[in-house]
Amino acid sequence: MSLNQEGVGRIARLARIELSADESVATQDQLNDILGFIARLQAVNTTGIEPMAHAVDVVQRLRPDCITETDRRADFQAIAPEVDGGLYLVPKVIE
Amino acid sequence: MINASLKELSAALAQRKISAVELATLFLNRIERLNPALNAFITTDREKTLAQAQRSDDARKVGAGDTVAFQSKAPLSGIPLAHKDIFCTQGWRTTCGSKMLANFVSPYDAHVVERMATAGMVTLGKLNMDEFAMGSSNETSFFGAVKNPWDVSRVPGGSSGGSAAAIAARLAPAATGTDTGGSIRQPAALCGLTGIKPTYGVVSRYGMIAFASSLDQAGPMAKSAEDCALLLTAMAGFDTRDSTSLERPAEDYSRDLNQPLTGLKIGLPKEFFGDGMDADVRSAVEAALDEYRKLGATTVEVSLPNSALSVPAYYVIAPAEASSNLSRFDGVRYGYRAPEYTDLADMYAKTRAQGFGAEVKRRILIGTYVLSHGYYDAYYLQAQKIRRLIAADFSAAFEQCDVIMGPTSPSVAFAFGAKNADPVQMYLSDIYTISTNLAGLPGMSLPCGFGNNNMPVGLQIIGHWFDEAKMLNTAHQYQQVTDWHSRMPEGLA
Amino acid sequence: MSATKWEVVIGLETHTQLKTQSKIFSGSSVAFGASPNVQSSAVDIALPGVLPVLNREAVVCAIKFGLAVGATIAPRSIFARKNYFYPDLPKGYQISQFEIPVVQGGGLAIRVGEVEKYVHLTRAHLEEDAGKSLHEDFQGKTGIDLNRAGTPLLEIVSEPDMRSSAEAVAYAKALHALVQWIGICDGNMQEGSFRCDANVSVRPVGQKEFGTRREIKNLNSFRFMQQAIDFEVQWQINEIEEGRAIQQATVLFNSDTGETRAMRSKEDAHDYRYFPDPDLLPLEITPAWIAEVKASLPELPEAMKARFESDYGLSAYDAATLSASREMANYFEETLTAAGRENAKLCANWVMGEVAGRLNKDGMEISAGHAVPLAPTLLAGIIRRITDNTLSNKMAREVFDALWVGEEKDADAVIAARGLTQVTDSGAIESVIDEVLATNAKSVEEFHAGKDKAFNSLVGQVMKATKGKADPQQVNDLLRKKLAT
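Residues numbered from 1 in each chain as written. Chains lettered and ligands numbered in written order. Predicted model: local features only at pLDDT ≥ 70, side-chain atom pairs only at ≥ 80, totals over all residues. Heavy atoms only, no water.

Colleague: Teacher, can you tell me more about the interface of chain A and chain C here?
Modeller: A common measure of how large an interface is: the accessible area buried when the components associate. At the interface, 37 residues of chain A touch 60 residues of chain C. Buried surface at the junction of chain A and chain C, summed over both partners, amounts to about 4000 Å²; 59% is from carbon and sulfur atoms. One salt bridge in this structure joins Asp57 of chain A and Arg76 of chain C, with 3.9 Å as the shortest N-O distance. If you look at where chain A meets chain C, you find 22 residue pairs in polar contact (both at pLDDT 80 or more). Sorting elements by how many residues they give to the side of chain A that touches chain C places strand E2 (residues 87-91) of chain A first, with five residues. Split into classes, the residues belonging to the side of chain A that touches chain C amount to 19 nonpolar, six polar and 12 charged. (Contact = heavy atoms within 4.5 Å. Buried area = accessible area lost by both parts, 1.4 Å probe. Salt bridge = Lys/Arg side-chain N within 4 Å of Asp/Glu carboxyl O. Polar contact = N/O pair within 3.5 Å; in protein donor to acceptor, adjacent residues only side chain to side chain. Helix = DSSP H or I, 4+ residues; strand = E, 2+ residues; numbered from the N terminus. Nonpolar A, V, L, I, M, F, W, Y, C, P; charged D, E, K, R; others polar.)

Here it is as structure tokens:
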């Protein structure tokens, strides 16, 4: 499974990372090197093996339904790129 | 003072031989003088540091008359510490080594930062690191590479390279680090230090900027195992804000330091002693094993048959999680936003293209690919199954031994640029450390001699789940009969 | 028009906002209507380093729902990340459940008119809501409010079992009633607590395969749902009949124009890259926990309906109507308790008739928590006076109207004040009948000639003469007896 230019473009779009034409070519080679390296996983017979998503085999702890947070908007928005009237601003979203 | 152990510093503070303010000043002055050549710190703030030190001195005064009680309650109070810049520190810039967060002043403290502050430790500053902890040489930092104090033409290792260099150069007596695939142990090895990555879930990840959530774990870095034990006791503990934090009774990790090693069974995975390791590293590691036999331990060969798969499995799982974890960096609520863009999609794409460095982007793209439609089963799910095989290998090995030992890194610190062109070669730097993260096991590195070009070599100890105290005991006993851990690079006095 | 007959296929995905105090993964309040971003904590705005911790109450809500629809509650379910970029999705992924949801299967009965049908559920899963994008003009930009981000949702997914907009609406209404009944959702559609997406497709009658579906997003009223589906169905049929294939799409309903249109955002870019959230360990629900939740559940509508039929002898229709909402059912049962269960049918008629009608006329809805102006015990008082023949139905309605607006303290007081006692003395009625028969010889003649209408006219005359106070049944009987002699 190796990536062509179109594939690189598709992934970059999914990841929301702009790649120039030059970058895209270099990226293709590097990604294919890495994919080649991880391809050896395919050869392993893992039939019947349960996937391991977590490092520890415990179950989820749950939180009581309590309001513990207070309004920190001023602190949080002090570090925001663009705000107005308490809202974060972004370029116009068209649905 | 700069070579003193934490216990010695603690005693000096208790006996009023030095104040916390004086101690902090001593290190701040060293940082000012030596950091420009090493680039270990990204941020320092003398005023904040001294204010913290003053608070410690004040607290000690309040407890005056009973210095013994104060010291036993707060053995680390007044001792300086520097934080890897992956930990959110309220009021301090927290960059994660990235342009994306170059101006991010955190509005909250990480759990680890809180714990160390509660212990009375004084923050010296924020330490350089590979961008978002993705790297093994510290060359991916937006703030420039950290230099190895043993040889400034060489890398300090990564990603906690700033932590390692700072301690090795005695710019800080201790530091925090994080380890996703070896990021505490490998730089500790390359800079001649001791560092421990605890069992996954022992230290809260709250406030630690996520790289690969199922692998990330914080831990202390210092000169010795004894120091690390004190630091880990302060750092570890249950935190309700991290769902993966384990609800266990608090531990004193220093409790077993002085236990003799008689009868200790050391497992030596044959896969760790193959061709991959450089000869200088091999001889230092083997000499260390001889030392352990002298201390009463026995060695037994064990096998971790799937360990060759750990690096490829890791380079599926870690980038997959990272690709998702780093999606929040979108230029909307904090952090970098591209100055020019045409619309929302363009703002995202440019912000992330400009805000992330090459290695981070590479891993995001790989992670995106392995999770994408049609590839998930072949890559991600398969890697997770292999992860279980790797964890099972360790369980089987621990039936035959108490701890596992081997090299931390296949080579001593390499020169800048040596592995930059080939990401896969760089990834293989972590060949001996990655499997413990996949299995969630604790791992540590301690200095065990010097190799080529007089560069430090690290010995790795891997323990069974929650066996940190035993590992620290194992390392401490070795450090009682060797002095590698107290050596210091020349020319940095 | 072509001759093809079309069959409509509809499945609904419903986002119900769960009735918790705090968000699903953070301790922020979920109260509606706060200033922008004041209920957006570090976790909600996805600051670097923050982590989610699951709210136990949200899980309890999911268990309640699973029990109420007879579903399987997964002993171990998994939270997954759904990855996509959108400014109101702060983490760049939504925490949801994908492969192993908490509620699996189940279903609920719906009724369209007198026809009953069972709609199967595919699943219901816990997830977090996104924030809100405000497209009003902020310097030509979109404003983002993250107060809603992280609000707990249960997404309930039905099988494509519905075959008309009426069935879809009936299902949505039944579900809406149920989630309120079991107390997991406030049902407030204006505030977005209950939102439906409808997957709509058409196929020629008899075809096995489903047609290509389009998903109508965010239907927040039953009326809009009906309109949107009807429009969409007609649009799809027209497209196909004109030779154009339906493309899978997400569409929005414009309530001003009554039309649906495809969203402009590119659907083809969606590849959500689901994977288990490494921050959240498997959710375990033990049999003991399920039992505990079960014990806390109120009697469910289906059980109540069955009980109304068997214990009170109500028809299936009456039982279903009365158990359509918990408030309605409670009102009925309180009335019944006070009036005596031998009067069940009468109570049912009054609750479904006068009470429901009057509420409707006054723009109130019992299920929306509006208090009924007439207490059940007062209604029972009226009913008792009907059964003891004090009141005719007509009189009873007069008493009802008076009590509804708060006149007098109970039925007897109204009866006394207005002199509404029914005449049941047969001697008195007989003398009125004699009078009427004497003055309406023509009607009597017609009756004997076999005209039934004439009888009714005579009854009316008697009632008129007694100013409506005679018991109509008694008048009937006495009149027939007289005419027979």
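Colleague: What is the right way to read helix H2 (residues 165-181) of chain C from this model?
Modeller: One full turn of an α-helix is made of 3.6 residues, so residues set three or four places apart face in the same direction. Residue and element names in this part refer to chain C. Taking 1.5 Å of rise per residue, 17 residues should cover 24 Å, and H2 covers 24 Å from first to last C-alpha, within 8% of that figure. Burial runs high along H2: 13 of the 17 residues are buried. Residue Gly183 follows H2 closely and has a positive phi angle near 75°. (Expected span 1.5 Å × (residues − 1). Buried < 20%, exposed > 50% of the residue type's maximum accessible area, 1.4 Å probe, protein only.)

Colleague: What's the story with the nonpolar core in this structure? I'm lost.
Modeller: Ranked by internal contacts, the top residues of the largest apolar core, which has 201 residues, are Phe132, Tyr292 and Leu472 of chain B together with Leu47 of chain C. Leave out the neighbours within four places in its chain, and Phe132 of chain B touches Cys96, Ser98, Met100, Leu101, Ile209, Phe211, Leu326, Phe329, Phe356 and Val360 of chain B. Among the nonpolar cores identified, the runner-up in size contains 111 residues, and Val69, Ala124, Val179 and Val293 of chain C belong to it. (Core = buried A, V, L, I, M, F, W, Y, C linked by side-chain atoms within 4.5 Å.)

Colleague: What's the story with the interface of chain B and chain A in this structure? I'm lost.
Modeller: With 69 residues of chain B in contact, the opposing surface of chain A contributes 47 residues. For the pairing of chain B and chain A, the buried interface totals around 5100 Å² over both sides, and the portion due to carbon and sulfur atoms is 70%. Counting every contact that joins chain B to chain A gives two salt bridges. Our count for the contact surface shared by chain B and chain A stands at 18 residue pairs in polar contact (both at pLDDT 80 or more). Here the side of chain B that touches chain A is built from residues that sort into 42 nonpolar, 13 polar and 14 charged.

Colleague: How should I be thinking about the domain arrangement of chain C in this particular structure?
Modeller: Domain boundaries in chain C define domain 1 (6-275), domain 2 (298-374 + 381-408) and domain 3 (426-484). Here the C-alpha centroids of domain 1 of chain C and domain 3 of chain C sit 63 Å apart. (Domains from an automatic or database assignment.)

Colleague: I tried to follow the pairing of strand E15 (residues 259-262) of chain C on my own but got confused; where do I start?
Modeller: Strand residues, when the strand is regular, have side chains that alternate between the two faces of the sheet. All names here are of chain C. Looking at chain direction, strand E14 (residues 249-254) and E15 are connected through four bridges and run antiparallel. What sits directly across from Leu252, in E15, is Arg261. The antiparallel hairpin formed by E14 and E15 contains four residues in its connecting segment, where Gly258 sits at a positive phi of about 75°. (Pairing = 2+ DSSP bridges.)

Colleague: Please explain the side chain of Asp393 of chain B as it appears in this structure.
Modeller: Residues and elements named next belong to chain B. Along the chain, Asp393 turns up in helix H13 (residues 377-397). One buried charged residue, Asp393, remains without a salt bridge, the closest side chain of opposite sign being Lys270 at 11 Å. A polar contact of 2.8 Å, which involves the side chain of Asp393, links it to the backbone nitrogen of Asn306. Apart from the residues lying within four places of it in its own chain, the contact partners of Asp393 are Ser303, Leu304, Pro305, Asn306 and Ser307. (Lys, Arg positive; Asp, Glu negative; His and termini not counted.)

Colleague: Sorry if this is basic, but what is going on with the sheet that holds strand E5 (residues 93-96) of chain C here?
Modeller: Residue and element names in this part refer to chain C. Read from one edge to the other, the open sheet built from three strands follows the order E5-E4-E16, with strand pairing classed as antiparallel. Only two strands of the sheet have a single partner each, and these edge strands are E5 and strand E16 (275-276). As judged from the four bridges shared by strand E4 (residues 80-83) and E5, these two strands associate in the antiparallel manner. Bridge pairing links Asn83 to Tyr93 in E5.

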